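Coordinate inspection notes
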Amino acid sequence: MKAIVYLAPQQVKEVEDWPEPFCGPGDVVVAMRAVGLCGSDLSLYDGHRVPPSLPWVMGHEGGGDIVAVGTDVTDRKVGQRVVIEPNISCLECPACRAGVTSDCKQRLILGMNHPGILAERVAVPAGFTWPVQDDCADEVLACFEPLAVARSAVRRSGVGRGDSALVVGAGSQGIFVALSLLALGAVPFITDPHEGRVALAESLGVHRAGSGEDTFPTFPYVFETAGPPAAFASAMQAVASTGTVTLIGLSHQPVQLSTADVVRRGLRIVGSIIYDHPRDFADTWEAVSTTDIRPERAVHSGVLPENAASAFAEARSTAGKSWIDLTGWQSSP
Ligand SMILES: [Zn+2]
Ligand SMILES: [Zn+2]
């Protein structure tokens, strides 16, 4: 079958002879339709992370149609369209039993420590697939998982209806946080040096931070989605006394922080990694199915597999989410 494989830093290519996935008794096989690209894929692509083996199949954000079910699976069926939850927690360790599956040390992460989903077909434990409507748009399949990341950060922050919040970084993760805040009835502002990204956020109803103000206002809730130390500094500067800074951006670079500042201002700093199974995918399913959040508005048109290399090369500089459209693979024999 076909797959898009990573060979070396900045080198990906489509191959035709990738082995078929093995469907275990508790698995389903999904014929992939759409796969989104995000910062963690790009850190691998750039050579900042090393895959377990080469060539390596990347990708963790996406979905498709079930084409086979394992012998023990009773609650999924062939033909169902599903989104994949790509962090497969063990469900048995103390963290998992406490409901904090994001802290599971045995977690399989598709595309990172376990083969990813940029392939014609993938096998996934049935309980980590989420049935959506049969005509669910491919753009929604591509952005459902990063939306779950954003929504779990919003949940963990404690922000509520009517609260104003600043989102630092208007990459796709920043935009999904802002959309989640809007859906909650909070009032999101956004800041990013990339003008096109701020303009995209503005077109979705998010306020541009700092416009028309002499002094930059402070916010009771700040979400840092970009990662670099300068973005952390902006977040700390923008948070109001007794406020909460929620960190989603990942950077290994040390930041400047004075404990006196945190203590005197009574700040709360919350790290938010992915989501907890099953609550955050269930919540995201509910939001996508029953509200007007429409995350696909932050996604641009899909890129064909043969152009995957340029999609990876350009993903950091484009506004909105990049994704690979694999539907052409599914219609060919
Ligand atoms: Zn991602
Ligand atoms: Zn676990």
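Starting afresh in each chain, residues are numbered from 1 along the sequence in its written order. For naming, the first written chain is A and the first written ligand is 1, with later ones following in the order written. This being a predicted model, a pLDDT of at least 70 is required before a residue's local features are given, and a value of 80 or more before pairs of side-chain atoms are given or counted; all residues contribute to the totals for chains, interfaces and linings. Excluding hydrogens and water, the side-chain values take into account all heavy atoms of the structure.

Let us look at the sheet that holds strand β1 (residues 3–8). The pairing criterion for strands is at least two bridges between them, as found by DSSP. Strands are runs of DSSP state E lasting at least 2 residues, helices are runs of H or I lasting at least 4, and numbering of each runs from the N terminus. The strand order across the open sheet built from three strands is β2-β1-β4, with neighbouring strands paired in antiparallel fashion. Because the sheet does not close on itself, it has two edges, and the strands there are β2 (11–15) and β4 (56–57). Pairing of β1 with β2, which is carried by five bridges, proceeds in the antiparallel orientation. Bridge assignment links V5 to a residue of β2, and that residue is K13.

This next bit is on the layout of surface pockets. Approximately 330 Å³ is the volume found for the second largest pocket. In terms of lining, the second largest pocket is formed by 20 residues, of which the most central are P21, H114, P115, V122 and A123. If one sorts the elements of the lining of the second largest pocket by residue count, strand β9 (residues 121–125) sits on top with five residues. Across the lining of the second largest pocket, the residue classes tally to 15 nonpolar, two polar and three charged. Cavity means a closed set of points on a 1 Å grid over the protein atoms alone, one where a 1.4 Å probe fits but cannot get out, pocket means an open set with protein on both sides within 12 Å along at least 5 of 7 lines, and lining means a residue has an atom within 4 Å of a point. Grid points are joined across faces, edges and corners, and a volume is the space filled by probe spheres set on the points. Gly falls in the polar group here, along with every residue not listed as nonpolar (Ala, Val, Leu, Ile, Met, Phe, Trp, Tyr, Cys, Pro) or charged (Asp, Glu, Lys, Arg).

Attention shifts here to the domain arrangement of the protein. Per the domain assignment, the segments making up the protein are domain 1 (3–136 + 300–331) and domain 2 (149–271). Each domain span listed reflects an automatic or database assignment of domains. Centre-to-centre, using C-alpha coordinates, domain 1 lies 28 Å away from domain 2. Two residues form a contact once any of their heavy atoms are found within 4.5 Å. Each partner contributes to the interface: domain 1 provides nine residues, whereas domain 2 provides eight residues. Taken together, both faces of the contact between domain 1 and domain 2 bury some 530 Å²; the carbon and sulfur share is 49%. Contact with domain 2 buries surface across domain 1, with A319, G320 and K321 losing the most and accounting together for 57% of the total. A side-chain nitrogen of Lys or Arg and a carboxyl oxygen of Asp or Glu constitute a salt bridge if their distance falls within 4 Å. Remark: the boundary between domain 1 and domain 2 carries zero salt bridges. Summed over both partners, the accessible area (1.4 Å probe) lost when two parts come together is defined as the buried area.

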